[in-house]
Every structure is written in C-alpha cells, then in structure tokens.
Amino acid sequence: MSKNEKEEFGAGLDVGTMNFVAARRNNGKNVKTVRLRNAFLDLPPEQKRMLKLSKTSYIEYDGRLLVMGDEAISTANLFNKEARRPMSSGIISAGEIDAQGVMAVIVKHLLGEPRHTNEQCCFSVPASAVDMPDSDTTYHKAVLSKILTELGYSPNPVNEALAVVYSECMSENFSGLALSYGSGMTNVCLAYNAMSALEFSIARGGDWVDKGAARATGTTSAKICMIKEGGVNLSAPKNREEEAVTLYVQSLIDYSIDSIIAHFAKVRREILIPKPIPIVVSGGTSLAEGFVEKFKERFELFRGKFPIDVSEVRPAKDPMTSVASGLLLYAQMED
Amino acid sequence: MMMCRISNITPMNIVIEDLGIRLQPVGGKGSHALVRADMARRSIDLGRNTQWVKIEEFEIVSPNAPKAPHPVAAVVPAKPPVAADVPAKPPVAAEVPQLPQFSQPQSSELEELKKSLDGMVARQEELFKLLQLAVQRPMVSAHVPVAHFDAGNFSSDEVILPGKLVPESVEVSVKVREDEHSADGFDDALAALKKAKNR
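First, a word on scope: everything that follows refers to the structure included in this document. (Residues numbered from 1 in each chain as written. Chains lettered and ligands numbered in written order. Predicted model: local features only at pLDDT ≥ 70, side-chain atom pairs only at ≥ 80, totals over all residues. Heavy atoms only, no water.)

Some thoughts on the overall build of chain A
Okay, so step 1: In terms of regular secondary structure, chain A is built from 11 helices and 15 strands.
Okay, so step 2: Looking at the 335 residues of chain A, the share that counts as buried comes to 63%.
Okay, so step 3: Pairs at least 24 apart in sequence give 67% of the contacts found in chain A among residues at least 6 apart.
Okay, so step 4: Surface summary for chain A: the accessible area is close to 13,100 Å², and the carbon and sulfur share equals 50%. (Helix = DSSP H or I, 4+ residues; strand = E, 2+ residues; numbered from the N terminus. Buried < 20%, exposed > 50% of the residue type's maximum accessible area, 1.4 Å probe, protein only. Contact = heavy atoms within 4.5 Å. Areas by Shrake-Rupley, 256 points an atom, 1.4 Å probe, with all protein chains shown as cover.)

Some remarks on the sheet that holds strand 10 (residues 153–159) of chain A
Okay, so step 1: Reading across from one edge, 10(A)-9(A)-1(A)-2(A)-3(A)-9(B) is the order of the 6 strands in this open sheet, with mixed pairing throughout. Of all strands in the sheet, those bounded by a partner on one side alone are strand 10 of chain A together with strand 9 (177–182) of chain B. Pairs of neighbouring strands in the sheet enclose a mean axial angle of 20 degrees, with direction left out of account.
Okay, so step 2: Inspection of the sheet shows strand 2 (residues 19–26) of chain A paired to strand 3 (residues 30–37) of chain A by 8 bridges, in the antiparallel sense. Looking across to strand 3 of chain A, one finds that Asn19(A) is bridged to Arg37(A). (Pairing = 2+ DSSP bridges. Axes fitted to C-alpha atoms, helices over the stretch in contact; angles between N-to-C directions.)

What to know about helix 4 (residues 99–111) of chain A
Residues and elements named next belong to chain A.
Okay, so step 1: Taking 1.5 Å per residue, 13 residues should reach 18 Å; helix 4 reaches 18 Å between its end C-alpha atoms and fits that length.
Okay, so step 2: The complete set of buried residues in helix 4 reads Ala99, Gly101, Val102, Met103, Ala104, Val105, Ile106, Val107, Leu110 and Leu111.
Okay, so step 3: The first or second residue beyond helix 4 is glycine 112, which carries a positive phi of 75 degrees. (Expected span 1.5 Å × (residues − 1).)

What about the pairing of strand 4 (residues 40–43) of chain A?
All names here are of chain A.
Okay, so step 1: The two faces of strand 4 match: Phe40 and Asp42 on one face and Leu41 and Leu43 on the other face are all buried.
Okay, so step 2: Both strand 4 and strand 6 (residues 64–68) contribute to a ladder of 4 bridges, which runs antiparallel. Bridging from a neighbouring strand, leucine 41 pairs with valine 67 of strand 6.

What about the interface of chain A and chain B?
Okay, so step 1: Counting residues at the interface gives 72 residues for chain A and 56 residues for chain B.
Okay, so step 2: Together, Lys146(A), Leu329(A) and Met333(A) form the three largest contributors to the area buried by chain A at its contact with chain B, with a combined 10%.
Okay, so step 3: Inspection of the region where chain A meets chain B yields 7 salt bridges.
Okay, so step 4: Here Asp70(A) makes a salt bridge to Arg177(B), at a shortest N to O gap of 3.0 Å.
Okay, so step 5: Where chain A packs against chain B, one counts 20 residue pairs in polar contact (both at pLDDT 80 or more).
Okay, so step 6: In terms of residue count, helix 5 (residues 138–150) of chain A provides more of the side of chain A that touches chain B than any other element does, 9 residues in total.
Okay, so step 7: Bridge analysis of strand 3 of chain A against strand 9 of chain B gives 6 bridges, and the strand direction is antiparallel. Paired with Arg35(A) across the strands is Arg177(B), a residue of strand 9 of chain B. (Buried area = accessible area lost by both parts, 1.4 Å probe. Salt bridge = Lys/Arg side-chain N within 4 Å of Asp/Glu carboxyl O. Polar contact = N/O pair within 3.5 Å; in protein donor to acceptor, adjacent residues only side chain to side chain.)

Section: the packing of helix 9 (residues 240–267) of chain A against helix 10 (residues 291–302) of chain A
All names here are of chain A.
Okay, so step 1: One way to put it is that helix 9 packs onto helix 10 with a least axis distance of 10 Å and a crossing angle of 45 degrees. With respect to their mutual orientation, helix 9 and helix 10 come out oblique. Judged by the twist between their axes, the crossing of helix 9 over helix 10 is right-handed. Of helix 10, the residues touching helix 9 (which contributes Thr246, Val249, Gln250, Ile253, Asp254, Ile257, Asp258 and Ile261) are Phe291, Lys294, Phe295, Arg298, Phe299 and Phe302.
Okay, so step 2: A breakdown of the residues in the contact of helix 9 with helix 10 according to their chemical character gives 8 nonpolar, 2 polar and 4 charged. (Parallel < 35°, antiparallel > 145°, perpendicular 65-115°, else oblique. Left-handed = near helix turned anticlockwise from the far one by under 90°. Nonpolar A, V, L, I, M, F, W, Y, C, P; charged D, E, K, R; others polar.)

A word on the packing of helix 6 (residues 160–168) of chain A against helix 11 (residues 322–334) of chain A
When two helices pack together, their arrangement is captured by the angle between the axes and the distance separating the axes.
Residue and element names in this part refer to chain A.
Okay, so step 1: Taken N-terminus to C-terminus, the directions of helix 6 and helix 11 make an angle of 80 degrees; their axes are 7 Å apart at the nearest point. The pairing of helix 6 with helix 11 is recorded here as roughly perpendicular in orientation. For the pair helix 6 and helix 11, contact is made by Glu160, Ala163, Val164, Tyr166, Ser167 and Glu168 and by Ser322, Val323, Ser325, Gly326, Leu327, Leu329 and Tyr330, respectively.
Okay, so step 2: A class-by-class count of the residues in the contact of helix 6 with helix 11 yields 7 nonpolar, 4 polar and 2 charged.

Considering the nonpolar core
In summary, soluble globular proteins display a tendency toward joint burial of nonpolar side chains.
Okay, so step 1: If you look at the biggest cluster of nonpolar residues, it comprises 40 residues, and the most contacted ones within it are Leu177(A), Leu190(A), Ile279(A), Phe295(A) and Phe306(A).
Okay, so step 2: Leu190(A) has contacts with Gly176(A), Leu177(A), Met195(A), Ser196(A), Ala197(A), Leu198(A), Phe264(A), Ile271(A), Ile273(A), Ile277(A) and Ile308(A), leaving out every residue within four places of it along the chain.
Okay, so step 3: Judged by nonpolar contacts, the second largest core, of 35 residues, contains Cys121(A), Val143(A), Leu151(A) and Val174(B). (Core = buried A, V, L, I, M, F, W, Y, C linked by side-chain atoms within 4.5 Å.)

Here is the structure:
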C-alpha cells in the first residue's frame, strides 16, 4: 500500500449535543469536514412532496418522515413546536425514544462507507461531569461503538477536550489545557506530551446560557440561541437580551475556571507540569464575538490561584471543527 | 379500572415521552392510545400537549366482577309524617378538589375501546410467554465490548445492546455544511503526534 493511499484512512467524528462533525482526508491532500445539526422533527409521510419541492433535508424509514438539521428547527417554529434532540448534556438523551435510530442514520450519512474493513474511527466522548453525581457515559459509548461497528468501522472513543489538544497544541508537543465549550457541557483536559493527565467536564454549556438568559429576560431559549448565533458581541451588548447573554457567558467562564482550580487541587500531588502551557478555548459556544477576550479578562482575576503556569490563552483555529480534526489525527495515527 | 383514551387532533405526529406513546396524525390507525387514567393525570408531557389532543376517560368493568346484591326492602314500621315546620338544611358538602372533567365516549366507541384493550391484554400474555421461554434458554443478542482509552472516568462494565441500531432501507436527502482546507499543517501534526506517542 502506498503512502498516499494510507493517508486516506481514518475518520474523526465529533458527536456533539448541538452538532455532528465528521472529518476525513480528501484525495490525500485536504482535510474535509462535514457538519449537521443534531436535531430532527417528525412530519406525516404525505409532507414528503412539500419537503422535496422546498429542498428541505429529511430522512424516511419505517414509514416515518423526519426533517433533519437546521431545517428541523425552522420547520418546528412554523408549527410552533420544539425540534427534538437526540442528545442532552453531552450524551444520548434518556427520554428521547428515537435517539439511537436517528443518530445511526446521521453517522452513516456523514461518514459514508469505510475505506477499508474495520477502518479506524475515533469519536468524541465527554468525561463524567463533576457537578452531576449520576453522570455516566458507559451507555452512550456503547451505543456509538455499536453503530460504528455495524457500519464497518473500528470505533475508538477519545475524550473531546483531548482531541482539541491534538489539533491545537503541536508546537507545545501536545501539552496544553483545552476547554471545549459545547452546547450541553464543557469538557476540560490537561495533557502533557500527548498524554492526558486530567479530564473532567461540567454540566454547563451553551444551552445553560440560553436557558438562563431566556429566564432572565422573559423570552425563549430558541430566541436567545438565535441572538447568540446571529452575532452578539460580548464586549459591547446592544440590548437587554445581549446583556443577559454576556452575563451568563461570564458566569459560565468563571464556573469553568473555578472548577479547574477545585478539581486540580484533588489531584495536584499526582500531576507535575514542569513548564508553562497554553490554554486553548474551543467549542461552538466560544464562537461568540468577544468570548476569548472575556475569558482572558476573567482568567486574570483567577491567575493567582490557578494551579498551573499558563503561557498564553488562545482560541482554537476553528472552534467548530477542532475536535473532529484532532480525532482524525488520532485515527490516522492508529489506522 | 379508569382508563384514558388520548386522540391526536392535528395532522402531525405527537410524542408523549413520559407515557412512551407516539400518536399518528388524525384519522390514522395509530392516532389514539389507551393509558391508565392515573398515569395520564401525572403526565407532564401530556399537560404540555393538551391543545393538540382530545382526552376521554371511562371505566372498564370486568365481566367477572360480582354483581351487587338486590336490595332487600327492610321491614320497618312506617314513620308518622313529620311536621314540615322547618325545612331541613342541605348537607354541607365537604371540600372536594375539582378533578379534570373528561367527556364520556359513546357506546360504539366503548366497544371499540374494549376490543383494543382485549388486544393489549392478549399481546401482553404473548410477551410474557416469550419472556418465560427466554429465561429458560441463553439470550442471543449483540454483545459490544466497550473500548478502553488512555485516561478519564471510564467504567469497564460491558453493555449488552439488543438488535440492530442502524436502520435499513432509509431514504436520505440531507444537506450538510462542508468545509475543506489544506492538510499541510495536518501532516506535520500527524508526524509530531506519532513521535510524541512513541517516546
């Protein structure tokens, strides 16, 4: 097998509460990522013609018609309903009875056929949440492993924040503290020389910001989410809703830094980082304009108590695809 | 036993998650479901969807229930008529919390519901027989060993998942957001990661 052929193998799959992102090599030269919103809405089968005419994303099986992705949310708004989400707080939603089937179809569509038998596919998993006592990812990992095995891949779960270290910290020999601010939760990983030293998550993310800001301003989470994704500037909020979003984002950042300090204190005797390392901020929630600046501003208030020497705080090159790229890197190494 | 019939009145599928039921659009075969009335009253999701469904409550009486005995007229002397000077005060009703009012279905609907209920009981008996057989022989199901990775909170318990998860014969028409970028830096990172891992 030639080197060029081998460069094609391996896949990375970021399984997020808000988005699925798959990463693969394309013709050995480029890295291609594909993204789909992790939401769906079921409609009567007779609406299929309308969906085809309007070129709306859908899947059909077992006589059921499901609108997928961003269009699920806009279609749900039309009917004044909520789009359904297969995942909640970073793992498969226990209350969503169609979660497994829908996720299986999404994964199959994003990854396609394996390029060889048992092609390595690294998929993201969250660490257990330190602020949710019953947090357990065993079932979530098992379901995703089974889906990937059925599709002909060899599944390999990798911590979400560790994948960010792989994709963003090459110049520090894969040493860094990565925070992945997702929709359902925030994952944290401290790695040194590509080895994970500390992993945990907190059960707060973009959804927590949306709900809190919605409660504070008397509006809906969906509207706050639209405001956030529409381009709020956290350094210069323009109205009451944007101010609420800014305050809740600040609270999320403070909580995450505080959690690192508290959690590290429990394991400090076992971990020794000999030199300063960077903090990398990633995840869809960090896409808001001014997020990293806000993080830097809040971090300075905690720097004196922070257990690790930090060389710099920087954003991921592409917060939406950073996890998937890191997973692809690891998959190519393992394949 | 008090039962509840929940009927979808919209042209969309409705899921009542905490009762575990899916209602097909109005007019369809699966557009209604039967549940116990006490469960329906406790359901939060049903409360959120009341504007989309019709709820009817009725009582199912078992045909084998003992019938009430015929009242036997007591032999008592007739009371002399009481002077109606003061009208008797009406009894003070105890404070009873108002229960939600559901309309009573017609007799033909009741027959239909009884047939559905008999069908459900027959299916449950069938399932029970299958379970008994399953207990007597080893269960054949998909066994998925959970993959291990470097670090993190990870339980080594194995999870047995029945059946196939990836649906077959799926028609897919899904638009995804694609992005492509050069892999130059990627190849350097891959070489560096291999070197770091091999140390």
